[in-house]
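Now for the letters of each chain:
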Amino acid sequence: MALFANASDLKVHYERPTPKLASCNFVASARSSEALAQSGHLAVSAPSQIMGRFQLLKSLCHENLCEYVEIHRGKHDRLFVVNEYHDNSLQKTRSVKAETSVSINLLQRYACEMFGALSYLEQNNVVHAALSPQNVLLDEQDRIKLSGYGLYYMTGHGVDVDFPIGYPGYLAPECVLDDEGAESSGYDKRDCWAVGIILVEQFCRNTFWTTSDVGLIFDTLSTLADWAKENEEDSSNSVWYHQGIESLDINKDVLSFLQGNNVSDSGDSVNAKAEIEAFRELILMCLQVSHTQRPYYHQILALPFLSSSSKKNKMKGHDWVQGPILASQDLQPDETDIDRPTTPMKKQPPSDPLADLPLSHIYHLWRLAGGDVEVNLVKRGVFLSVPVIERLPRVCFIEDAEEIGPVMVDTTQLYSDTMHILSFKELYQRLEQQEQRHSERFEWDADYFNVVDENDVNFLLKETDKFDNLNNNEGENEDFVFDDEISSPHSAVTIGNGPPSSAALISITTPTTPSTSRSLNRTFSLSSMNRSRSSSSISVGTPAAAPSTPTQSSIPRRPLSLREQDVNYQYHRQRLFAELLRQYPASQKEILHHAKVDIPPLLRNKIWAAILDVHGDVETEYQRIDKYNDIASDRQIDVDVPRCHQYNQLLASSAGHEKLRRLLKSWVSSNKKWVYWQGLDSLCAPFLTLNFNDEALAFACLQKFILKFLNNFFLRDNSAVLQDYFAVFRHVLSFHDPELSAHIDAIGFVPDLYAIRWFLTLFTHVFPLDKVYHLWDKFMVGPPSLPLFVGVAILRQIRDELLKYEFNGCISLFSEHFPKIDIEGCIQSAMKMCKVTPPSVVSLRPVAPLSDKEGQQWWEKPLPIDVRKQELAPRIDIADFPRISPYTLVLDIRSDHEFVNGHLASSMNVQPSQLHSYASILRKLNRKYHVIVADDSEKQGPEFAAQLVQNHHFPRTAVLQGGIEAAEWHYNSLGNGRLCTCRPQKQTTAGYKGKGSEPPFVIWRCKVPTPLSKR
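Scoring rules and cut-offs
- Residues numbered from 1 in each chain as written.
- Predicted model: local features only at pLDDT ≥ 70, side-chain atom pairs only at ≥ 80, totals over all residues.
- Heavy atoms only, no water.
- Buried < 20%, exposed > 50% of the residue type's maximum accessible area, 1.4 Å probe, protein only.
- Helix = DSSP H or I, 4+ residues; strand = E, 2+ residues; numbered from the N terminus.
- Pairing = 2+ DSSP bridges.
- Core = buried A, V, L, I, M, F, W, Y, C linked by side-chain atoms within 4.5 Å.
- Contact = heavy atoms within 4.5 Å.
- Patch = residues over 30% accessible without salt bridge, like charges linked within 9 Å, V, L, I, M, F, W, Y side chains within 5 Å.
- Areas by Shrake-Rupley, 256 points an atom, 1.4 Å probe, with all protein chains shown as cover.
- Salt bridge = Lys/Arg side-chain N within 4 Å of Asp/Glu carboxyl O.
- Axes fitted to C-alpha atoms, helices over the stretch in contact; angles between N-to-C directions.
- Parallel < 35°, antiparallel > 145°, perpendicular 65-115°, else oblique.
- Left-handed = near helix turned anticlockwise from the far one by under 90°.
- Nonpolar A, V, L, I, M, F, W, Y, C, P; charged D, E, K, R; others polar.
- Polar contact = N/O pair within 3.5 Å; in protein donor to acceptor, adjacent residues only side chain to side chain.
- Phe/Tyr/Trp six-rings, centres within 6.5 Å; stacked < 30°, edge-to-face > 60°.
- pLDDT = per-residue confidence, 0-100.

A.B. asks: Give me the pairing of strand β13 (residues 929-933): which residues, what numbers.
C.D. replies: Burial analysis of β13 places five of its five residues in the buried class, which makes it a mostly covered element. A two-sided burial pattern is seen for β13, the buried positions comprising Y929, V931 and V933 on one face and H930 and I932 on the other. Bridge count for strand β11 (residues 888-892) against β13 is five bridges, and the pairing is parallel. What sits directly across from D892, in β13, is V933. When β13 meets strand β14 (residues 957-960), the two strands line up parallel, connected through three bridges. Bridge pairing in β14 places H930 opposite T957.

A.B. asks: Which residues make up the sheet that holds strand β16 (residues 1002-1005), and what values go with them?
C.D. replies: Pairing within the open sheet is mixed, and its seven strands lie in the order β10-β14-β13-β11-β12-β16-β15. Of all strands in the sheet, those bounded by a partner on one side alone are β10 (875-876) and β15 (985-988).

A.B. asks: So what's going on with the nonpolar core? Residues and values would help.
C.D. replies: Core analysis: the largest hydrophobic core is formed by 109 residues, its most contacted members being L683, F687, F714, W758, F759, W776 and L795. Considering each element in turn, this core owes the most residues, ten residues, to helix α30 (residues 695-709). Residue contacts for F714: discarding those within four places in its chain leaves W667, W674, V675, W677, L680, L683, I706 and L760. Formed by 88 residues, the second largest nonpolar core is a distinct cluster that contains C24, L221, F279 and I283.

A.B. asks: Talk me through a nonpolar patch on the surface; I want residue IDs and the actual numbers.
C.D. replies: The grouping of V750, L753, F807 and I811 at the surface amounts to a nonpolar patch, some 290 Å² of accessible area in total. Counting through the fold element by element, F807 comes out in helix α37 (residues 807-815). Classification of F807 by relative accessible area gives partly exposed; the value is 30%.

A.B. asks: Lay out the packing of helix α23 (residues 567-582) against helix α24 (residues 588-595) with the relevant residues and their values.
C.D. replies: Direction vectors running N to C along α23 and α24 enclose 160 degrees, while the axes themselves pass 9 Å from each other. Considered as vectors, α23 and α24 are oriented roughly antiparallel to each other. By crossing handedness, the relation of α23 to α24 is classed as left-handed. Residue-level contacts link R573, L576, F577, L580 and L581 of α23 to E590, I591, H594 and A595 of α24. Taken together, the residues that form the contact of α23 with α24 break down as six nonpolar, one polar and two charged.

A.B. asks: Describe the pattern of salt bridges, with residues and values.
C.D. replies: The final tally for this structure, using the stated rule, is 31 salt bridges. Of the charged contacts in the structure, one is a salt bridge between E113 and R109, with a shortest N-O distance of 3.2 Å. Within this pair, E113 and its partner R109 are both found in helix α4 (residues 104-123), separated by four residues, close to a single helical turn. Comparing E113 with R109, the two get one shared label, buried. Across the pair D737 and R799 runs a salt bridge, and its minimum N-O distance is 2.9 Å. Highlighted residues: D737 in the loop between α31 (719-736) and α32 (738-747) and R799 in helix α36 (residues 799-804), separated in sequence by 62 residues.

A.B. asks: Report on the side chain of N135, specifying residues and quantitative values.
C.D. replies: Considering the arrangement of structural elements, one finds N135 in the loop between α4 and β5 (136-138). When its relative accessible area of 12% is taken as the criterion, N135 is described as buried. Within the structure, the side chain of N135 is placed 2.7 Å from the backbone oxygen of A130, a separation counted as a polar contact. Those residues in contact with N135 that lie beyond four places of it in its chain are H128, A130, K145, L146, S147 and Y167.

A.B. asks: So, the packing of helix α28 (residues 654-670) against α30: which residues are in play, and what are the values?
C.D. replies: For the pair α28 and α30, the least separation of the axes is 10 Å and the interaxial angle reads 45 degrees. The angle between the axes of α28 and α30 places the two elements in the oblique class. For α28 against α30, the interelement crossing comes out right-handed. Judged by residue contacts, K659, R662, L663, S666, W667 and S670 of α28 engage E695, A698, F699, L702, Q703 and I706 from α30.

A.B. asks: Can you lay out the packing of aromatic side chains for me, pointing to particular residues and giving the numbers?
C.D. replies: Two numbers describe a pair of aromatic rings. These are the distance of the centres and the angle of the planes. One pass over the full model with this rule turns up 42 aromatic pairs. Between F257 and F279, the aromatic rings sit 5.9 Å apart at their centres with planes inclined by 45 degrees, giving tilted as the arrangement. With a gap of 22 residues between them, F257 in helix α9 (residues 252-258) and F279 in helix α11 (residues 270-286) connect regions that are remote in the sequence. The same class applies to F257 and to F279, which are both buried. On the numbers, 5.9 Å between centres and 40 degrees between planes, the contact of F709 with F779 is tilted. Here F709 is found in helix α30, whereas its partner F779 is found in helix α34 (residues 769-781), with 70 residues between them in sequence. Note on accessibility: F709 and F779 belong to one class, buried.

A.B. asks: Got a sec to walk through the sheet that holds strand β3 (residues 78-85)? Specific residues and values, please.
C.D. replies: One open sheet accounts for four strands, arranged β2-β3-β1-β9; its pairing is antiparallel. This sheet does not close on itself; its edge strands, each paired only once, are β2 (68-73) and β9 (420-421). Taken together, the two bridges between strand β1 (residues 20-27) and β9 define a ladder with antiparallel strand orientation. Note that in β9 the partner of A22 across the bridge is I421. Contacts from helix α15 (residues 359-368) reach β1, β2 and β3, with the element oriented near 35 degrees to β2.

A.B. asks: Describe the pairing of β3, with residues and values.
C.D. replies: Most of β3 is tucked away, with eight of its eight residues classed as buried. Of the strand pairs in this sheet, β1 and β3 are connected by eight bridges, and their pairing is antiparallel. Across the sheet, N25 pairs through a bridge with F80, a residue of β3. Taken together, the five bridges between β2 and β3 define a ladder with antiparallel strand orientation. Pairing of I71 across the sheet is with V81, part of β3.

A.B. asks: Just give me the short version of the confidence of the model for the protein chain, but keep the residues and values in it.
C.D. replies: Taken as a whole, the protein chain shows an average pLDDT of 80; of its residues, 76% reach a score of 70 or greater. A low-confidence stretch, residues 463-478 (pLDDT under 50), is modelled with 27 contacts involving residues beyond four sequence positions or located in other chains. Segment residues 483-551: pLDDT under 50, and 165 contacts once partners within four positions in sequence are set aside and those in other chains are kept.

Right, here's the structure in full:
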């Protein structure tokens, strides 16, 4: 089954009117926050607790519940809750149609829908506790939509707020009497009482109570409870026939109906009387004064009076639809299965671009268009508070604390159930302006994957991507659902003053993803070893054809932060990825293709899961894991959880602590060969915050992520893994910034002192989560070695400080005053370095030593860790050398006799002892790579490369692993090449006559250029 087939935030709502969103607000209790602090509770504050519990409400989805969208924390611990809203309610219908009677069939449907919604809430351990006719909304199809059902749950049953929850006229007797045994024996049945009062009020067209005085209502409820205790053994509703019932503040019409007088006196037909009597019995069941005798929701729904209505509702309004085609990435479906001559399953796009979107998408776009619930209410004057001076009494006596004068209460601190509707006017205007903004062109982030500098190599592109389909780019994306063509900016027309149509918006320059499949169509002419005036040291002749590989252009790159704030851009990106996610896993390749540009923040959690290849029944697999029994790492987990990113409101809540603890225990239980290391909590934090309501998906993503980037990092003895990783990190730094690497190496500032928390947590222990999200977006679509380049990019951002500090200064810089890092610039720099780095430079040594394969050459065996740690420059495999050979200065340091017998084409034979004499000459050649070729000795080549890095700062310096022997074997294995045996040309110091201060040097240069493959 598709992983996201039932995801509510991906559902397309056809033939639905544009939904409305509204907000309410309240202030969290300061006393609750103080109590948490004094008791030593791990939670930070009451607002954090409320926001943590609220996340469950976002996951609730029922046709008779208003959807909760988001919660925000404002000033002075004021919380703003955004949810679905409808204009009509039972309160309004009763006021408008007070004179008309309501049909029993309608009340039957209302009751069925309300109890169905309450039963769903009961299954999720949520109690409404605030039911009233104004909270029972009606949508355009006159269906029940319960609102306000999450206030009691999110506030911890009212503990985290200073106001009572619930409406006095609809509170059950046990709520007023504060029955101690009610909570353990059916406390949640209070909603059943409230529904009974609401339904009887709708039938009688009168309020249940004849007074609005809270004290009188509570007294009446207390009296009813006393009468019920007197007749506790009698299960009948004799309380409504009590001789003193007439003296209570209960409406006479309502009381008459409860006693059955209206039913017997009505002149309706026999069937109508039977329906009314069944309805009355339902009301009497709901209005059982004792909560222990009140029925459960499933018992009420099983009544014949409601079961028939439930069956009718299930059969009505559900059209037959054509089932989806379950596609596969490996098997091609038959054409007859795809091109069916039937009615299209999808209907025409709605005229309103927001009508078919999920509520979470609409609210996200509203926020991008400048919407802010707190600012909007401030502009409306909702928070105009009474000045403090006016709230003080005029006179206050010290002896008896008597106050004289009017004391005004600041109503802004009180609870108000007023719903403030959000206006979409600005959002529609921003969507209409898309055509005008077409001229603002910009480069895509995908350029970091497929755009290279002129005369450079890109190891992130596969050979097939570069050389296949030469001069046939038209069909390169034929397997993709969404191509990369951009519509004409003049193709859309907006008619009228209303919201633009969805079809029109889609046709207006939909931002798309550039293709990563490009072909190289350039022929290089290598005629000499003379230094070129261009940035490349290779002389390039006239190309046979215009290059098709995209190069760095002059179009300004648009920052990612601006793209994430662009309403139109996010509108289309969300539509694109939502459609692809609905087709996952068949669309996994295309999701990866488009994610290389950027990832919409709203769908980041599901896109990450798709890229990580999470599939199957993750929920069942997660439930099977033992996450509750004690394990050895429990003590350390209990210490780490309360400290993990506590600035985040979700992770600072008790719900966040419990979820994080379960995830960590599940990971330890599932990976027996690994152990818990400090930092795993930070590594888990991004997945938990993005999938707060889906622990199973967060766990599955964590498993896949660690296997890709941190495999074997959590071994009980991970010293060998870390030392190998740090050795490769040191090599990468030397490869791209030899000056900085030489300085750090000279002062002894080794990666062990600062980089453990970088790589063990993949920077989650260093940066806040909002920066980690952007960083991991590139990790997901990049190679496993990308974190190494991010570490180098961070050092290069602060290289000026590092170069002027000694050891103690660097320690202080990293521990006390670490500079602010530009994450976007860091990502760009890392991607640029990653593209031009041969894979063998960043290859890690296997943890378990591999047995020698038959026919394996000595240079194909991994180097010991101790050897890699001693070497400053990396080694490159012969398999990577052909791709960089056109841009490489090959320095052969063997004897001149061995050089004449066989050497690499275009190489130079130099003597290591004379390096200081000819180093400046070599630098003037401006080669992009410098590869050292030595004999079988393991020390001669690395020592010479270290001199190039430390003393002369040659960039991209590497030693050819296996030396000339590996090169000769490689050419022989190909069968179409061999070592060059030309007579090399001798060069020496210009004008040298045997005298003077400048020492002599001799360079033998091959006269044959490196052969290039025909492109």
